[in-house]
Amino acid sequence: MSDEQVLVDQSPPPSAPDPNPNPLIHPRRVSFEHGLLPIQKLAFTDPIQTLAPIKQKLADAASNNRVGSDAIAEALQISGDHARLVLETLGSVLHSEGDPLVRAKPEEVDSVGADLRDLVLFLYVQSYKKLMPRTHKDSAAVADVWPSTSAFDGYLSALSPIQLVRSNSRRFMPSQADDEAHQLSYLQKHLANIISLLGEPVEGEGEESLVISMEAFEHLGFLVQFGDKGSDVSPLSQATPFFANSDPDMPAVPVPASQALDWLLQNIASALESITEGISGKENGPSNTSDQDDAMSDACAAPNKVAPSGRGPCLIEGVSKTSLVKQASDLRGRSVKVVNCHDSVIYLLAPLRYATVHGCSDTTIVLGAVGKELRVEHCERVHVIAASKRVCIANCRECVFFLGVNQRPLIVGDNHKLQVAPYNTYYSHLGEHMSEVGLESTINKWDKPLALGAVDPHDSLSHPAGVADAQAESAACVDPDQFVNFLIPNWFSGEDTGSTKDNPFPLPDPYMAAQQRNLKNLDETRRSLRETPLEENRKKELSSALHVYFKDWLYASGNIRQLYCLQGD
């Protein structure tokens, strides 16, 4: 790989520790980014009025304060598949890694169920409306290059890859500060209702006198956390003046719900004030704030840069017509966002928690092992090769997904001409990375996509009558005869190599048979060419014709992108 094509992390070194000993409160972004389901029956217009009786139904059916899929389906009046999806999604965003749902094997999820309090918070946050991108000033030009192919396009496709290019995504996409402020404002508005759902009435004093136990208070860690710049996140109760330093051998005395509410609202107000000051400082001139957006802005100032962040995900943005390789030493245990990349090949060969691919086109993206969720949205003509616990695909067109996935791939929004195929590659450390994040190579549900709604009830758009019930277009399976393996170059042969020597996910019989046929045909063609007597000039003509056909195939299939990373080797 040439020097020009190896993208080196040039971001500034981590900032000095914050001298402020009182860290700010932050929303848990994964709950808002990976924990929303476009199921109309979960889009509560008045969450407190709807959830109070549902909570009682769930409580009546709970065992040891946990609720299984059958009880969820009954209480919410949804299908068994959707109840299972609720549990799987909740398990992927829970704040407690020790929760039985997080550790449950696939066959145990329905019976293990969810803690009632976590489930109620998960259901409540389904009322959240995402912050939408600002409108591009040249809407007519954008529409011209992104023609409508769907009757719902004006309502469903909020942002396309072409729109991202035209609109300068960093200027029109919400920043992390924008998103955090929006999420905190939502919590500020709804926190009284949320606390009331977690509180318990004082015996003999009626419903008006609610108290909240330390155990119930800890469940608010699903929505908020303290700690910044990569610091360890401590239990939420330890940040409070009323639960901190409680004797672990003695149950903490519950506190009035109003006291907990006031304390949380004060912290949210302080965090919002800090975010507002940071945003206004950037708009008015240089600022000393150390928000993650500083690193992101640096990455945007020069294309093809990678911006690490202390608290949020590693951002990979603007890669174009080249290749990028990141290893476990760069990303281990992190989350990543790949944004606005085009005509490239991106290798993220590491164990990851969450991964998001947004607004990319004509790009191949290879992800190592994703332990929580991979989300791919607003992409066009992208090939994604990934081993992941779960995958969500939203508003994509003409994309192909080669998957090793333990849960059914989720397809939502306005999609067109999607294809899925079994996982088709490996690298030497893939097996250990899968073990590290808890992926099962014996379970691959790549061919069982679950299509949900064609509109997202969590966006802020207005939708025409009747569209809310439309179902997303599902994905077709790649023809076995068109299936090919993807070879990851061995750039690091001199370094410590892992034990993975082959694709850890067994190929289905039709795909294995097709590969064997193709190999047999290739051997026969080679033998035929060797045995055919040809004059020297005819050999040259044949060689030239084969090169032309091979070049045409490289471009038609998109495999020409793989050569970017081989140039200069």
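Residues numbered from 1 in each chain as written. Predicted model: local features only at pLDDT ≥ 70, side-chain atom pairs only at ≥ 80, totals over all residues. Heavy atoms only, no water.

Caption draft 1: Examining unusual backbone geometry more closely. Backbone geometry at Asn340 places phi at a positive 60°, although glycine is not the residue there. Position of Asn340 relative to the elements: it lies in the loop between strand S11 (334–339) and strand S12 (345–358). For Asn340, a relative accessible area of 14% gives the class buried. Even without glycine at this site, His378 takes up a positive phi of about 55°. With respect to the secondary-structure elements, His378 resides in the loop between strand S13 (364–377) and strand S14 (383–388). In this structure His378 comes out as buried when scored by relative accessible area, which is 10%. (Helix = DSSP H or I, 4+ residues; strand = E, 2+ residues; numbered from the N terminus. Buried < 20%, exposed > 50% of the residue type's maximum accessible area, 1.4 Å probe, protein only.)

Caption draft 2: Structural view of the nonpolar core. One finds Leu58, Ile72, Leu119, Leu123 and Phe217 to be the most contacted residues of the largest nonpolar core, which totals 79 residues. For this core, the leading source of residues is helix H12 (residues 176–198), giving 10 residues. Once residues within four sequence positions are removed from consideration, Phe217 is found in contact with Ile212, Leu236, Ser237, Thr240, Phe242, Phe243, Ala260, Trp263 and Leu264. Counting 63 residues, the second-largest nonpolar core is a separate cluster that includes Leu348, Ala386, Phe486 and Phe505. (Core = buried A, V, L, I, M, F, W, Y, C linked by side-chain atoms within 4.5 Å. Contact = heavy atoms within 4.5 Å.)

Caption draft 3: Representation of the environment of Leu452 in the model. Mapped onto the elements of the fold, Leu452 is located in the loop between strand S19 (450–451) and strand S20 (475–477). Leave out the neighbours within four places in its chain, and Leu452 touches Pro38, Ile39, His82, Leu85, Leu410, Ile411, Val412, Ala470, Gln471 and Ala472.

Caption draft 4: Up close: the packing of aromatic side chains. Under the defined criterion, the tally for this structure stands at 14 aromatic pairs. Summarising the aromatic geometry, the rings of Phe242 and Trp263 are spaced 5.8 Å apart at their centres and angled 80° between planes, so their arrangement reads as edge-to-face. Placement of Phe242 in the loop between strand S6 (224–226) and strand S7 (255–256) and of Trp263 in helix H14 (residues 257–284) is noted, with a sequence separation of 21 residues between them. Trp263 shares its class with Phe242; the two are buried. Three or more aromatic residues link up through ring pairs in this structure, and these residues are Phe217, Phe226, Phe242, Phe243 and Trp263. (Phe/Tyr/Trp six-rings, centres within 6.5 Å; stacked < 30°, edge-to-face > 60°.)

Caption draft 5: Structural context of the environment of Tyr426. Among the secondary structure elements, Tyr426 is positioned in the loop between strand S18 (418–422) and helix H17 (430–437). When its relative accessible area of 33% is taken as the criterion, Tyr426 is described as partly exposed. Sequence-distant contacts of Tyr426, defined by excluding residues within four places in its chain, comprise Ile488, Thr500, Lys501, Asp502, Asn503 and Pro504. Here the side chain of Tyr426 touches Lys501 through a polar contact of 3.3 Å, landing on its backbone oxygen. (Polar contact = N/O pair within 3.5 Å; in protein donor to acceptor, adjacent residues only side chain to side chain.)

Caption draft 6: Broad picture of helix H7 (residues 116–124). Burial of H7 is extensive: nine of the nine residues sit out of reach of the surface. For H7, every residue scored as buried is listed here: Leu116, Arg117, Asp118, Leu119, Val120, Leu121, Phe122, Leu123 and Tyr124.

Caption draft 7: Expanded view of the pattern of salt bridges. Evaluated as defined, the whole model comprises 18 salt bridges. Glu377 is the salt-bridge partner of Arg375, the closest N and O atoms lying 2.8 Å from each other. As far as the burial class goes, Arg375 and Glu377 line up, both buried. Among the charged side chains, a salt-bridge network with shared partners connects Arg29, Glu33, Asp179 and Lys337. (Salt bridge = Lys/Arg side-chain N within 4 Å of Asp/Glu carboxyl O.)

Caption draft 8: Region of the structure containing the packing of helix H4 (residues 80–93) against H7. Between H4 and H7, the shortest axis-to-axis distance is 11 Å and the interhelical angle comes to 100°. The pairing of H4 with H7 is recorded here as roughly perpendicular in orientation. In this structure, H4 contributes Val86, Thr89 and Leu90 to the contact, and H7 contributes Asp118, Leu119 and Phe122. (Axes fitted to C-alpha atoms, helices over the stretch in contact; angles between N-to-C directions. Parallel < 35°, antiparallel > 145°, perpendicular 65-115°, else oblique.)

Caption draft 9: Inspection of the side chain of Glu377 at higher detail. In this fold, Glu377 is placed in strand S13. Excluding residues within four positions of it along the chain, Glu377 makes contact with Thr356, Val357, His358, Gly359, Ala394, Asn395 and Cys396.

Caption draft 10: Local environment of the pairing of S12. For S12, a buried count of 13 out of 14 residues is recorded, marking the element as mostly surrounded by other parts of the structure. In terms of strand pairing, strand S10 (residues 323–327) meets S12 through five bridges, oriented parallel. Bridge pairing links Lys326 to Leu348 in S12. Sheet analysis places S11 next to S12, joined by five bridges and oriented parallel. Across the sheet, Lys337 pairs through a bridge with Thr356, a residue of S12. Direction of pairing for S12 relative to S13: parallel, over a ladder of 11 bridges. Bridging across to S13, Thr356 finds its partner in Arg375. (Pairing = 2+ DSSP bridges.)

Caption draft 11: Spatial organisation of H4. Taking 1.5 Å as the rise per residue, H4 with 14 residues should run 20 Å; its terminal C-alpha atoms sit 20 Å apart, in good agreement. If you check which residues of H4 are buried, you get Ala83, Arg84, Leu85, Val86, Leu87, Glu88, Thr89, Leu90, Gly91, Ser92 and Val93. (Expected span 1.5 Å × (residues − 1).)

Caption draft 12: View of the packing of H7 against H12. Orientation of H7 relative to H12, taken along the N-to-C sense of each, is 150°, at an axis distance of 11 Å. As H7 runs across H12, the sense of the crossing is right-handed. Touching Arg117, Val120, Leu121 and Tyr124 of H7 are Tyr186, His190, Asn193, Ile194, Leu197 and Leu198, all from H12. Class assignment of the residues belonging to the contact of H7 with H12 gives a composition of seven nonpolar, two polar and one charged. (Left-handed = near helix turned anticlockwise from the far one by under 90°. Nonpolar A, V, L, I, M, F, W, Y, C, P; charged D, E, K, R; others polar.)

Caption draft 13: Representation of the side chain of Asp115 within the structure. By secondary structure assignment, the location of Asp115 is in strand S3 (residues 114–115). In terms of polar contacts, Asp115 uses its side chain to reach the backbone amide nitrogen of Arg117, at 2.8 Å.

Caption draft 14: Looking closely at the pairing of S13. Counting buried positions over the 14 residues of S13 gives 14, a clear majority of the element. In the sheet, S13 pairs with S14 via six bridges, with the strands oriented parallel. Each residue of the ladder has a partner; that of Val366, found in S14, is Ile385. Pairing of S13 with strand S15 (residues 391–394) involves four bridges; the strand directions are parallel. Pairing of Leu374 across the sheet is with Val391, part of S15.

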